[in-house]
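Take a look at the letters that make up each chain.
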Amino acid sequence: VTFSFFDFVRCDLDIKSNSSSHHTELYGEERLIVRRGQPFNIILHLKPGSGEFKPEAAGFTFTVETGTLPVCKACMFMRSTVDTEWSASATHDPSGNTLSVSISSSPNAPIGRYSLTLDQEGQTTSLGEFILLFNAWCPSDAVYMKSNTKKQEYVLAQHGQVYRGTHKRIKGLCWNFGQFDPSILDICLTILDANPKFAADADKDCSARRNPIYVTRVISAMINSNDDRGVLVGNWGEVTDGVHPGRWMGSGDILRQWAESGPVRYGQCWVFAAVACTVSRALGIPCRVVTNFGSAHDTDANLIIENVYNVDGEKISRDSVWNFHVWVDSWMTRPDLGSEFDGWQTSDPTPQERSDGVFCCGPAPLKAIREGELTKKYDTPFIFAEVNADVVDLVQRSSGETVKFAGSTTSVGRSISTKAVGSDERWDITHQYKYPEGSKEERKVFEKAQHNNKLQQQGEEPSLRLKIKLADNMIVGKDFEVSAVLTNNCTVAKTCTLMFMARAVGYNATRGQGIEFVTDIVEVAPGEGYRVSLGIDYKHYGPVITSDRLIQLSAVATDKQTRDYFKAEKTIVLDEPEIEIELVGELKVKRSVTAQLTLLNTLPERLRDCSFTIEGVGLTDGKPITENIGTVEAKQEAKASISFIPTSVGSSKLLVNFDSDKLKNIRSFINVVVEK
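Keep in mind that what you see is a predicted model, and the values were worked out from it rather than measured.

1. Considerations on the sheet that holds strand β24 (residues 426-428)
Sheet strands pair by backbone hydrogen bonding; their relative direction is either parallel or antiparallel.
In step 1: Within the open sheet, the six strands sit side by side as β20-β19-β18-β16-β23-β24. Their pairing is antiparallel. Taken across any chain shown, the strands that pair with only one partner, and hence form the sheet edges, are β20 (364-365) and β24.
In step 2: Bridge count for strand β19 (residues 343-347) against β20 is two bridges, and the pairing is antiparallel. Looking at the pairing, T346 lines up with A364 of β20.
In step 3: Contacting β16 (287-297) and β18 (320-332), helix α8 (residues 269-283) runs over the sheet at an angle of about 0° to β18.

This is the structure:
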C-alpha cells in the first residue's frame, strides 16, 4: 500500500544528532540549531498501520519561514533540486513506524529563527522551530573557512585575549566571549531585530540577513548606542554611574543586561570589539579581536595626523594618535568587490565617525587596506589612516605662523595584534594590514592612497636632539624619576628654553591633569648633552591618573637663536600588582571548589570598597561572582575566598578582577580543566 497522505503521532527534530553534525552542540540540546547549506534530519513517527511510503507518489510540501512575515518561504517537494536551494528527501523505515526526512537549507539562506510546517493537500501541520546560522564548514557559504583549527578558534572558542597598553608594553586581557551561554544566541538575534533597518522594512532586512557583509555592518552599528538602542554606551571620562569599562570580564553579562533594560553603561573600544566578536561568533561568522597600537584618528580625512602645538607644548589640534585601539576582523567573501578582496574584513563598533549617516565602520577588506585601495567599501580610507597615516608635528608661534618641526612615517600602526590560533600567545599581524614601514611598497601604497598629497620629509639631521629616559620598576603606588636629555649636535654652543612635563592621559590620547613640570634656560656646549630630571611622586599622580594607568611625558626645547622647536614624547604604562590564584578542591562537575585570591596593595594609602570578582564559561553559571572585602591598609594584602560550582566538563579559564576606590580593574586568569 502506498500513500500520499499520512497521519503521524509526533515529529522528532533529532536535536542531539543534528547538533553534533552541525557543530552546534555547545548551544545546548533544548532546541534545534543548525548551520545553512548542510542537511539536517527530522523523524516523523507514524500512526500504526501506515502503508509503504513512495516518494514519487507523495503529495506534500515542507515549508520554512523566517521573519515577521513569510519573506523567505521555501517549499520543498519530495524531489531533487539544485544544491543552492532548499530541498528535502525522505526515507521510510522498514518497520513502517517512522519517516526520516533530510532537509537541506540553501547556503545563501537568511540566518535567523525559522518555523517548519508540513502541508498535505491543503492541511497544514506545524512541525517545530529551528535557528539557522552561517556555516564556516560549508564550502558554498560566504563565511567558509577551510582550516579546522581556525574554525575552532574563530567560531567555537569561548575565550580570547584582548591586547592593551603601548607597542612597547603590550599586555593581554583575557575575555569570556561566552557565545554559547544560555540566552546569548537569542539576544544576538534580538539585536538584529532591534536595528532601525528592521523597523523601517522588516521584509527587506530579514532577506538581507543572507549576506554576512550586511549582518556585520548591522552588528557594527548596534553594538554602540549612538543612533539607536544599541548595546553599549561609550564613556571615556569619569564614571559616576553604571559600570566602568575596565570592570567587564566577558560579553555575557553585558548582553543580558541589554536584553533586560536597554543600553548598558559603559564601554570603551576593547569592550565594544569583544562584544561584537561574541555576536559574530554566535551567528556563525568567524571573527577575531584585533588591537592596533599607535592608532590614528584622522578627523579631516587627509591621511595625515597633524599635531599642532603652541609654544608651551600644549596640543591645540583635533587629530590624534591613540595608544591603542581595538576592533574586529570577520571572515567572508566579497562578491561585491571581487574575489581578490575575500578573507578578513575589518569592522569597528566603537562610535568614532559616521558612515552613511550612522555610527558604524566597515567591513573593509584587509587586502584593500594593505594596498591602499580606498575606493573599496566600506570605510577603507578611515581604517587605512588608523594603521598607516603619516604624522606631522607643527608649532604655532605667537605670531600665528605655523611651522613644521618634526614628523614620522612609522609611529602609526605598530604591533597590530590578535590572539594566536590554538594558544594564548600574541600574534603580530601587522604584515596583513600594511607593508613593512619605510619599504618601497609601503611608501608607494601611501602615495597612491594619499592622491598626491605627499608629506615632505625633513632632509637633514636636526641640530638638537631630545630624548626621554625612564626608570626601572615603575609600579603604581611607587615614586620614581624620569629624565630628558638635550644633545647638541652642532659645532657651536646652543642656548635653549627647555620644558619637561608629565600629565595623566587616557589610552585614546585624551589629555588629563598635569602631574609635574619643570622649565629652565640652558646652555649646551657643542657635542655635549644636558639632563633635566623630573620626580614622579605618587602623591601627585595618584589622584589624577585613570584606570588605564598611563602617564605622558613631554619634553620641549626651543633654540633661542634660530627659534627652531624640538619635542620628544613618551607614554608610561605603570605596572600593577599581581593577583595570586589558588584553587582548593577537586575541579569536577557539580562539585564546589574554592578560589583563594590574594593581591598586595602597593599604594602608600588605604584602599576602600575592595572586591574580587570571578567569572568563567562553564564555571560560574554564565554570571560573575563578586566578594566584597571592605578596606585594605597600605602595603597589606587583600584576600578573598570565592566558591563556585562548575557546570561543564572540559577546558576553561577562570577570570579574576580586583577593584577598589584607588586601585581599579586589576586582572588575571588561570587555565582550568573540569572533569566528570
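2. Overview of the UniProt feature "active site" (unreviewed entry) in the chain
In step 1: Those residues carrying the UniProt feature "active site" (unreviewed entry) are C269, H325 and D348 in this numbering. Across 80 residues, the annotated set stays spatially compact, with a maximum C-alpha separation of 9.7 Å.
In step 2: With respect to the element layout, H325 can be found in strand β18.
In step 3: Of note, D348 is situated in the loop between β19 and β20.
In step 4: Among the residues examined, D348 registers a relative accessible area of 1% and is labelled buried.
In step 5: In contact with D348, not counting residues within four places along its chain, are S220, H325, V326, W327, C360, C361 and E386.

3. A look at the UniProt feature "domain: Transglutaminase-like" (unreviewed entry) in the chain
In step 1: UniProt records the feature "domain: Transglutaminase-like" (unreviewed entry) for residues 261-351 in the present numbering.
In step 2: For the annotated span residues 261-351, helix accounts for 18% and strand for 44% of the residues, and the straight-line distance between the end C-alpha atoms is 21 Å.

4. Digging into the nonpolar core
Here is a general trend for soluble globular proteins: nonpolar side chains tend to be buried in one another's company.
In step 1: By size, the foremost hydrophobic cluster in this structure holds 78 residues, and its most contacted members are W270 and L283.
In step 2: Considering each element in turn, this core owes the most residues, twelve residues, to α8.
In step 3: Here W270 is in contact with V162, R164, L173, W175, P245, G246, F324, V326, Y507 and D548, once residues within four sequence places are set aside.
In step 4: If you look at the next biggest cluster of nonpolar residues, it comprises 57 residues, including F480, A502, V522 and L553.

5. Points about the packing of aromatic side chains
In step 1: The final tally for this structure, using the stated rule, is 19 aromatic pairs.
In step 2: Judged by centre distance (5.6 Å) and plane angle (45°), the rings of W86 and Y114 are tilted. With W86 in the loop between β7 (74-76) and β8 (87-92) and Y114 in strand β10 (residues 112-120), the pair connects residues that are 28 residues apart, well separated along the chain.
In step 3: Judged by relative accessible area, which is 2%, Y114 ranks as buried.
In step 4: Connected via pairs of aromatic rings, a cluster forms that spans W270, F293, W322, F324 and Y507.
In step 5: The aromatic ring of W270 is capped on one face by R164, whose charged end is 4.5 Å from the ring centroid.
In step 6: Above the face of the W344 ring, R288 is positioned so that its terminal group lies 4.2 Å from the ring centre.

6. Overview of the pattern of salt bridges
In step 1: Scanning the entire structure with this criterion turns up 30 salt bridges.
In step 2: Where D424 meets K653, a salt bridge forms, and the shortest distance between an N and an O atom there is 2.7 Å. On the criterion of sequence distance, the pair formed by D424 in the loop between β23 (414-419) and β24 and K653 in strand β37 (residues 650-659) is long-range, its members being 229 residues apart.
In step 3: Its salt-bridge partner being E605, residue K662 comes within 4.0 Å of it at the nearest N-O pair. One end of the pair, K662, is in the loop between β37 and β38 (666-674); the other, E605, is in the loop between β33 (593-600) and β34 (607-615), with 57 residues separating them in the sequence.
In step 4: Judged by its relative accessible area of 36%, K662 is partly exposed.
In step 5: Taking relative accessible area as the criterion, E605 reaches 27% and is therefore assigned partly exposed.

7. Looking at the sheet that holds strand β4 (residues 39-46)
In step 1: Taken in spatial order, the four strands make up an open sheet running β2-β4-β9-β8, and their pairing is antiparallel. Pairing within the sheet leaves two strands with one partner each, and these edge strands are β2 (8-12) and β8. For this sheet, the mean inter-axis angle between neighbouring strands, taken without regard to orientation, is 20°.
In step 2: When β2 meets β4, the two strands line up antiparallel, connected through four bridges. Across the sheet, residue C11 finds its bridge partner in β4, namely L44.

Reading the values: the criteria
- Residues numbered from 1 in each chain as written.
- Predicted model: local features only at pLDDT ≥ 70, side-chain atom pairs only at ≥ 80, totals over all residues.
- Heavy atoms only, no water.
- Pairing = 2+ DSSP bridges.
- Helix = DSSP H or I, 4+ residues; strand = E, 2+ residues; numbered from the N terminus.
- Contact = heavy atoms within 4.5 Å.
- Axes fitted to C-alpha atoms, helices over the stretch in contact; angles between N-to-C directions.
- UniProt positions renumbered as here; feature names shortened; annotations may be inferred.
- Buried < 20%, exposed > 50% of the residue type's maximum accessible area, 1.4 Å probe, protein only.
- Core = buried A, V, L, I, M, F, W, Y, C linked by side-chain atoms within 4.5 Å.
- Phe/Tyr/Trp six-rings, centres within 6.5 Å; stacked < 30°, edge-to-face > 60°.
- Lys NZ or Arg CZ within 6 Å of the ring centre and 35° of its normal.
- Salt bridge = Lys/Arg side-chain N within 4 Å of Asp/Glu carboxyl O.

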